[in-house]
Structure formats: C-alpha cells, structure tokens
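As a plain string of letters, each chain reads:
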Amino acid sequence: MYKVLEKKSLTPKAFIIEIEAPHLTKAGPGQFAVIQRTLESERIPLSILETTDKGAKFLVEVRGRSTLELEVRLNESREIAYVEGPAGVPFEVKNYGRVLLLSKNWGIAPIINVGRALSECGNKISAIHVGDTSENVYLINELESFSGSVRVFTEDGSVEEGNVQLAFRDYIDCAGKPDLVVCAGNNLDSSLVVDVCREEGISVVSMVNTYMLDTIGLCLVCRLLVNDEQKLACVDGPWFNGLEVNWDYLLARENLYEDEEKQALEKFLKQLEREKLRSRR
Amino acid sequence: MAKKIRYLDRNKEPMLEPSERVKGFREYALGFSVGLALDEANRCLFCKDADQRCIKGCPINVDIPGFIKKITEGDLVGAYKKLIETDIFPSICGRVCPQERQCEGSCILYYDTVRERKAKGLPVSIGALEKFVGDFIRVSGIEIEEEASPPTGKKVAVIGAGPSGLGCAYDLAKKGHEVHVYEALHKAGGVMRYGIPPARLDREIIDYEINRLERLGVKFFYGYVVGRTISLEELREKYDAVYISVGAGRGKLGLKGDHLKGVFSAIEVLTRVNLMEAYRFPEAPTPVDLGNKVAIIGGGFTAVDCAITSLRLGLETHVVYRRTRETSSARQEEWDHLMEEGAQIHWLTQPVEVLGNEKGEVLGLKCIKMELGEPDESGRPRPVPVPGSEHVIECDSVIFAIGQQANPIAYQGLLEITKWGTVKVNDRYETSMEGVFAGGDAINGGDTVVRSLAHGREAAKFIDEYLKTKKWSFTGGS
Ligand SMILES: Cc1cc2nc3c(=O)[nH]c(=O)nc-3n(C[C@H](O)[C@H](O)[C@H](O)COP(=O)(O)OP(=O)(O)OC[C@H]3O[C@@H](n4cnc5c(N)ncnc54)[C@H](O)[C@@H]3O)c2cc1C
Ligand code: SF4
Ligand code: FES
C-alpha cells in the first residue's frame, strides 16, 4: 500500500495528490506513472507533475468513472494499492533557445514538469494554457514561476476566450517564431498546433494521448505511427516529434471505449447516490 | 497373475456441458475424483525404462511412474512431494501443458518411443493425475513443509513474475538466498495471469502458488518496469546476481487495415478480460468491446484462449487459420471443445485484409482459401492460395493471435540479443553481462509454461554456482 500524503482540491474538476512512492523520486521530466487505487481498479496513467523527497505529485482531472472514483474514495481512505513508474521515456532536456509551452486542460501537468526542467537548463520559456472552461484553469502560478510570459484562455470565454491554435498564431504574430514548441493535453489541439509548426517551419515535441492498458509494451492498444513506423506511447513515448506523428491515425483510434465510459460513469454516479441515501437513513 | 494391460479404458476427466461452459469463466474441466484417479493410476505399467518414455517426454522430467505409484499406494502427500521435486506447480502444469505432445505422447500404451512405433492403446492420463494430486493437497489444506536453507547473505533480483521467474525464485529461496522479484504489473503469474483464461486455470491456484513462494521468503515488488523504473545495471549493482524472465509478450499485428478501432492484439483482449475482469464490466471498471461477431486470426494456444474468451462473452466466434488442425500447437481436444461451444473454425484460410469504414469500425475480414502444396523446409506441406477463393467473413472486431514478439525494454542496448530480439544466452543461461542470467520466453521467444519453469529451475542451479565461485563463461558470438 502507498500512502497519499496530500490531497488538495484545485477546482471542482481537478485536484492534486502527493503519493509516497520511493521508486518515483528519481523520475525524469515528462515521465508518467500508473496507479490503481485497489487491485481491482482501472489502471490510470497520470503524468508526473513534480517529484518530491518521498514520491511524486499528480494533477488529476475528473473526467470519468475512474478519476471520479479516485476523488471520492480518497476522501474515505488515503491509500493506493499499486503505483507503477516512472514509465515512458523522459523528455530530452537541452538548450533549445526560446521555447513555447502549449497546454490544454490537464496537459498543464506534464507541461510544468517538462517546462521547469527546460528552464533550469537555460531555455527562455513562454507559456499558453487553454482550458475548456475556468474549471480547467489551474496551476498558473507554477507555470509563471519559470516562464517569462504566460497567457491563459478558455474556450467558453469564462476567462479570455481563445483556443490553442489561435493563441499560438497570435503568439507568433506578436513575439515571433519560437525555436521549439512543446504541447500536451489533447490530440486534436496538438495536431492543429503541428499543422501551424509545419507551415512555419518550427520544431515541435508533443505528448500523445492514447488508451493504455498494461503500459509495458505488451498489448499494443497505445500504438501509433511515427514516420510510418509503429511505436508504442507507453514505452517509446509519450513524447514524439510532432511533425513525424500520424495524427489522423491517432484521432481515428480515439473514443474507442466512449460508450462504455459513459455507462461506467452513470453506474458509478448511481452508486454514489445510493450510498448517500443509505447514510441519510 | 500377470497384470492385465488396460490399453483402451482411459478415464476421462468430467467436463461441464458445452451449454454450461459458455455461460461463464469458471473452470470447465472438473478434475478426477479420488475413485477415478485411483483407477487411472492403476493403468500405469511403471515401466523400468520410463526415463526413455514418459519422463523423457516431459520437459521438466517429472518422475511419472514414481508419483503415480504413490497414488496407487494411497499416499497423496508422497505423490505431491515426488512431483514437486521437479515440477513445483503440479496443479498448473496438469492444466495447461500440452501433454499429448509431451509425457502422454510418449506413454508406452500409446507410442513406443524406444522402438519408435505406435502402440495400440491410449496413454495414461498423466496430466489429469498430476492436477489431481496438486488440487488434492491444495484443497485439503495439508501444509507441506518447504524449508529454506540457512541464509547465505547473497541477494538475487528476478525480473518478471511469470513461470520462469517464479521457478527460479523458488529454488534460489530454498538454497537460502534472498530473492526479490520485480514485476511490472500489479499481480504475479505472467501469461498465466493475464493470458490464460480462468476457464482453463482458476486464479486461486496462481494465488496459492505465489503464497507458497512468499512463505519461503521471496519478496515481490510490483509496479517496477525494469528499463524504465529502474535499470538493469542498477539492479546488477545492488544484487549479487540477476535473472531476466520478462517473457516475450509483446503482441503482433500486421495486415492491411490493422489500425482500425475494432482490431486488437490477443494480449489486449486477454488482459482486459482475464487480468482486469472486463467480463464483469461495468462492475469491474475496465471495459472490452468486441461487438457481436469476432474473427480471431491464428491457430495456437493464444487463438484458442481468445475463442474461449469471446464465446464466454456471448459472441459469434470465428477462428481463421492458414494451416490445418494437425499443425496447430494448441491442445487438440481444445478444438473439439470450441466447436462444441459453437465456434466456427476456418482451417486453411488466409486473412488478407481487415475491411472497415470511415469511422474506423471493422466490417469484415477478407480471406482467401488455401490448399496444401509441396512440403516446405520443415517438411510440412506448404499452404498455397486457391485462385479466385476470396471471401469476406463479416465481423465487428478482429483479434490477432499470431504469436508474440520480444519485449526488450528491460535489456535493450545492454545485452547481446538474437535476431528475434530475445536475449542471447549460453547453455548455463548466462548472458553477455556478468552476473546476469536469462530464461523462459525471454530467450526462446515463446514456448510453454513448463519449459519456462524448467529454465528457471536450471538457471537457479547455475546462479547458485556463480554465487559461490564467481566463475563466468559466456563468450558470446554463437
Ligand atoms: C494466450 C496464451 C496462452 C498460452 N497457453 C499456454 C498453455 O496452455 N500451456 C503452456 O504450456 N503454455 C502456454 N502459453 C505459453 C506460456 O504462457 C509461456 O511460454 C510462459 O508463460 C512463459 O513464461 P515466462 O516466465 O518466460 O514469461 P511470462 O509468462 O511472459 O512472464 C513475464 C513477466 O515479466 C513481466 N515483465 C515484462 N517486462 C518486464 C519489465 N521490463 N520489468 C518487469 N517485469 C516485466 C511481465 O509482466 C510478466 O509478468 C500461452 C501463451 C499465451 C500468450
Ligand atoms: S510410459 Fe506410460 S505406462 Fe510407462 S511409466 Fe510412463 S505413464 Fe506409466
Ligand atoms: S499500453 Fe499496452 S502496449 Fe502500451
């Protein structure tokens, strides 16, 4: 059993946990971990936000049953049965020059992890974060702590209205082309960013989002095409040269389990309602 | 009076009816009762030259007449002790070994291995007897003392908790070494846990065996992906020796259309259902979605296990294999079981393309019929396409069960490998890094549970020698 040392709510949709797990303390930038609250729970991959003396911190955005279950149950017991990691290949940290970080929703967690390392290595950092709504805007102070400029938008206009691609174009118009773009959070947005990078001749490293199951390179559910070659997000990624990723392939394999996810969430919500009823009686 | 040879009256293990079998994932082979086991044990001739027969046919060389004799004497504890001298997991091997190609295939009642000719009978049900003994001990609660030697102060890391790693850990622990097993997943057992369906191997059995190892002092560390969480070199520095038993579990695809959403590797489907219990979805949180009709490509153990799984999920199940039933590496009786359960098996059928629509959904599997032509290098007749025999098997999902490939992340760039990506070893299981040994599927790319187990136990012997002498003889090259 691993202890959850801290659980802090950021917005109604997101919280931070720190897990005590000695094997995570030496994780490299951009790596992730896989957690299961109980041995029967779904295996949830989570980007490492920050390593600590005792383990690592994660940002969890509540999106479906498993993340909701984590949120609810961790209030009852601060224990996690299984923590795998660090997994994936660390981001290649070196001096690229001017780096622009682009994050969507929870993508800000890996972006902060990578951005901090890039800044320590002498890169000049700017950042843009876009949330679906203001509930997906968090950790901006952390981003600011190592970035020269940070801009924040939301797609619903609750903060300044904007989307990733427009914000990126706007950035180029005002500040010129960066030497490197790093983006994370959402395949569709990343693919649009990559389109701009291709047009403008800018290097880009993106985190890809795929389903994951075993996360050790066995099942192939996380497969993608990079330079027409099959790669696995779990052991070869999650960071790839965005220009080489076949985004259509990734997008076509998204939402594989959408119906099931909806069903599982509904079922869990009903269970929570029942539990509430019971405790009222 | 001379004992009458009972050539043909082989006892069959009782089975669930096919209609019952497909209702769920409980075991369908119910095992011998005491009466059946005693009667079957009495069929054995206790051949003096059994080491040229059944024992030789067994990859781990179980003293077969030895343990069967104990059954006939009513000494089941003795039979168990005899078994675990060589095969530490009799309940598992009795269930999953292809005995017809091993011990039972070389039983004198069925085939005379010394004169190399067919005999007139049916072999002793060695597998079912082995399973009976293992199950009897487990279910009876009799605790068999398995004592470890006094601590040697040496530490060994085992990477991967499949049968090979478990076998190695068991012997090293018994020899008094401190053994730490590093496993990436959240449960031990390897393919036995995430691949083989519970309908063939109840998970309680694996738990029981892991518990035996823990009682011997073996420590398990889950969530460690060697090569990512911790490197092989780091482990090598921290321990006196390392055994690599990471298997060769990476799935394989490879057909036009295999990017479609409804296309899965066998390992993905089996892991979802057997490890994560997706058959209980949504009670269990991990889903599986194969639609209503599934086509499974392949003809080995893995294809059979996928079919067992999809039938129990209630799906119309097609198995597509380019060769014939005789060349399949799965247990022959499994094909009969599958057909009884309603699977449609397309022998001599070569898939050529997965057909799908814009949305990434699978519509069908395009295939071509094959016929047997001239023998190939291995002497088996080569299947050749029948012109004009293209046809489409309509389905919502396609599962590739065409074998696995090496998963090299634990040793990539650090050890000499073969052209298949597996670890290169000498006949002492030594790799190109001193103090690092390897065995199981990680060195032969995919074989059987029992052979992996045998590797683990043999390697433990060489590891023990190395810990004492520090002699290393790997020279590479070959
Ligand atoms: C579906 C299927 C059905 C089969 N059915 C049968 C059968 O009925 N009878 C039979 O005899 N054989 C069968 N086989 C073959 C048999 O399962 C294998 O030969 C055997 O399991 C190999 O054992 P192993 O210990 O070498 O590897 P595995 O069982 O593959 O175990 C390797 C372990 O290492 C772990 N691992 C991998 N990489 C790492 C890493 N980097 N760090 C840490 N841990 C790692 C894995 O999670 C796994 O637990 C079957 C195979 C499959 C795929
Ligand atoms: S060959 Fe058959 S009859 Fe002879 S000892 Fe082995 S199991 Fe018994
Ligand atoms: S998650 Fe299974 S191969 Fe990557």
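Undergrad: I'd like to hear about the overall build of chain A, residue by residue, with values.
TA: When its secondary structure is counted, chain A shows seven helices and 15 strands. Computed over C-alpha atoms, the radius of gyration of chain A comes to 19 Å, within 12% of the 19 Å expected from 2.2 N^0.38 for 281 residues, which places it in the range of a compact globule. For chain A, the spread of C-alpha atoms along the three principal axes comes to 65 × 40 × 40 Å. In chain A, the share of contacts with a sequence separation of at least 24, taken over all contacts with a separation of at least 6, comes to 68%. As displayed, chain A offers around 11,700 Å² of accessible surface, 45% of which is attributable to carbon and sulfur atoms. Counting 33 positive and 44 negative side-chain charges, chain A places the centres of these two groups 6 Å from one another.

Undergrad: Can you break down the site of ligand 1 residue by residue, with the values?
TA: The full set close to ligand 1 counts 35 residues, and Val96(B), Glu183(B), Arg200(B), Asp441(B) and Val449(B) are the nearest of them. The residues that come close to ligand 1 belong to more than one chain, namely chains A and B. A distance of 3.3 Å separates an oxygen atom of ligand 1 from a polar backbone atom of Asp447(B). Between ligand 1 and Val449(B) there is a distance of 2.9 Å, counted from an oxygen atom to a backbone nitrogen or oxygen. In isolation ligand 1 has 990 Å² of accessible area, and contact with the protein removes 99% of it. For the shell around ligand 1, the elements supplying multiple residues, two or more each, are helix 8 (163-174), strand 4 (178-183), helix 13 (301-312) and helix 16 (449-469) of chain B. Of all the elements, helix 13 of chain B adds the most residues to the shell around ligand 1, at three residues. In terms of residue class, the shell around ligand 1 is built from 19 nonpolar, eleven polar and five charged.

Undergrad: Quick one: what's the story with the confidence of the model for chain B, residue by residue and with numbers?
TA: Residues and elements named next belong to chain B. Chain-level statistics for chain B give a pLDDT mean of 91 and a share of 99% at 70 or above. Averaged pLDDT values over the elements of chain B bottom out at 86 in strand 13 (residues 381-385) and peak at 97 in strand 3 (residues 155-159). Both scores are given for the predicted complex: the pTM is 0.91, the ipTM 0.87.

Undergrad: Account for the pattern of salt bridges, naming residues and giving values.
TA: All told, the structure shown has 54 salt bridges over all chains when counted by the stated rule. Between Arg73(A) and Glu275(A) there is a salt bridge; the shortest N-O distance is 3.0 Å. A residue pair is termed long-range when its members are at least 10 positions apart, and Arg73(A) in helix 1 (residues 65-74) and Glu275(A) in helix 7 (residues 258-280) qualify at 202 residues. For Arg73(A), a relative accessible area of 10% translates into the label buried. For Lys256(B), the salt bridge identified is with Glu353(B), shortest N-O distance 3.7 Å.

Undergrad: Give me the nonpolar core: which residues, what numbers.
TA: Judged by nonpolar contacts, the single largest core of 97 residues is most densely connected at Leu102(A), Phe168(A), Val181(A), Leu338(B), Val354(B), Leu365(B) and Val398(B). If near-sequence neighbours (up to four positions away) are discounted, Val398(B) is found in contact with Gly262(B), Val263(B), Phe264(B), Ala295(B), Ile297(B), Val354(B), Val362(B) and Leu365(B). In terms of nonpolar packing, the next biggest core, distinct from the first, is built from 93 residues, Ile71(B), Leu109(B), Leu166(B) and Ile463(B) among them.

Undergrad: Hey, could you go over the pairing of strand 4 (residues 44-51) of chain A for me, with residue numbers and the actual values?
TA: The side chains of a regular strand alternate, residue by residue, between the two faces of the sheet. Residues and elements named next belong to chain A. As paired strands, strand 3 (residues 32-36) and strand 4 are joined by four bridges and run antiparallel to one another. Bridge pairing in strand 4 places Ala33 opposite Leu46. Pairing geometry for strand 4 and strand 5 (residues 55-61), over three bridges, is antiparallel. If you follow Glu50 over to strand 5, its bridge partner there is Lys57.

Undergrad: Would you mind going over the packing of helix 4 (residues 64-72) of chain B against helix 7 (residues 126-140) of chain B in detail, with residue names and values included?
TA: Residues and elements named next belong to chain B. The contact between helix 4 and helix 7 brings their axes to 11 Å, and the two run at 60°. One element, helix 4, and the other, helix 7, form an angle in the oblique class. Taken as a pair, helix 4 and helix 7 cross one another with a handedness that is left-handed. In this structure, helix 4 contributes Ile64, Phe67, Ile68 and Ile71 to the contact, and helix 7 contributes Ile126, Leu129, Glu130 and Val133.

Undergrad: Explain the sheet that holds strand 6 (residues 79-80) of chain A to me, using residue names and the numbers behind them.
TA: Residues and elements named next belong to chain A. The seven strands lie next to each other as 6-1-2-5-4-3-7, forming an open sheet whose pairing is antiparallel. The sheet terminates laterally at strand 6 and strand 7 (82-87), the two strands that pair on one side only. Sheet topology places strand 2 (residues 14-20) next to strand 5; seven bridges connect them, and they run antiparallel. Bridge pairing in strand 5 places Glu18 opposite Lys57. In the packing of helix 2 (residues 108-120) onto the sheet, contacts are made with strand 4 and strand 5, and the angle to strand 4 comes to roughly 35°.

Undergrad: Which residues make up the packing of helix 5 (residues 76-86) of chain B against helix 7 of chain B, and what values do they have?
TA: Residues and elements named next belong to chain B. Where helix 5 meets helix 7, the axes come as close as 9 Å, and the angle between the chain directions of the two elements is 115°. In terms of orientation, helix 5 lies roughly perpendicular with respect to helix 7. Both helix 5 and helix 7 take part in a crossing whose hand is left-handed. When helix 5 is examined against helix 7, the residues Leu76, Val77, Ala79, Tyr80 and Leu83 are found in contact with a partner set consisting of Glu130, Phe132, Val133, Gly134, Phe136 and Ile137. Of the residues that constitute the contact of helix 5 with helix 7, the class distribution is nine nonpolar, one polar and one charged.

Undergrad: Can you tell me about the side chain of Ser389(B), naming the residues and giving the values?
TA: Residue and element names in this part refer to chain B. Within the fold, Ser389 resides in the loop between strand 13 and strand 14 (391-394). Of the residues examined, Ser389 reaches a relative accessible area of 12% and is grouped as buried. Beyond its immediate chain neighbours, meaning those up to four positions away, Ser389 contacts Cys367, Ile368 and Lys369.

What counts and what doesn't
Position numbers for residues start from 1 in each chain and track the written sequence from start to end. Here chains are named by letter from A upward and ligands by number from 1 upward, in the order in which they appear as written. The model is predicted, so local features are restricted to residues of pLDDT at least 70 and side-chain atom pairs to those at 80 or more, both for listing and for counting; the totals for chains, interfaces and linings are taken over all residues. To obtain the side-chain values, all non-hydrogen atoms of the structure were included, while hydrogens and water were left out. For helices the rule is a DSSP run of H or I covering at least 4 residues; for strands it is a run of E covering at least 2, with both sets numbered from the N terminus onward. In this setup the radius of gyration rests on C-alpha atoms only. A globule is expected at 2.2 Å times the number of residues raised to 0.38. Two residues qualify as a contact provided that any one of their heavy atoms is within 4.5 Å of a heavy atom in the partner residue. Surface accessibility follows the Shrake-Rupley procedure with a 1.4 Å probe radius. Residue values consider only the protein chains on display as shielding. We count Lys and Arg on the positive side and Asp and Glu on the negative side, and we leave His and both chain ends out. Working definition for charges: the position is that of NZ of Lys, CZ of Arg, CG of Asp or CD of Glu. The near set for a molecule or strand comprises every residue that places at least one heavy atom within 4 Å of it. Definition of a polar contact: a pair of N or O atoms within 3.5 Å, with one able to donate and the other able to accept a hydrogen when the atoms are protein atoms, and with sequence-neighbouring residues admitted only if both atoms are side-chain atoms. Amino acid classes used here: Ala, Val, Leu, Ile, Met, Phe, Trp, Tyr, Cys and Pro are nonpolar; Asp, Glu, Lys and Arg are charged; the rest, including Gly, are polar. One number per residue, pLDDT, summarises how confident the predictor is, and it ranges from 0 to 100. Criterion for a salt bridge: a side-chain nitrogen of Lys or Arg within 4 Å of a carboxyl oxygen of Asp or Glu. Burial here depends on accessible area, computed with a 1.4 Å probe over protein chains only, as a share of the maximum for the residue type. Under 20% is buried, over 50% is exposed, and the range in between is partly exposed. Think of a nonpolar core as a cluster: buried Ala, Val, Leu, Ile, Met, Phe, Trp, Tyr and Cys residues, connected wherever their side-chain atoms sit within 4.5 Å. Being paired, for any two strands, means DSSP has found at least two bridges between them. Helix axes are fitted to C-alpha atoms over the stretch in contact, other axes to C-alpha atoms as well, and angles between N-to-C directions run from 0 to 180 degrees. Convention used here: angles under 35 degrees read as roughly parallel, angles over 145 as roughly antiparallel, angles from 65 to 115 as roughly perpendicular, and any remaining angle as oblique. Two helices that cross are described as forming a left-handed crossing if the nearer one is turned anticlockwise from the farther one by less than a right angle, and a right-handed crossing if clockwise.

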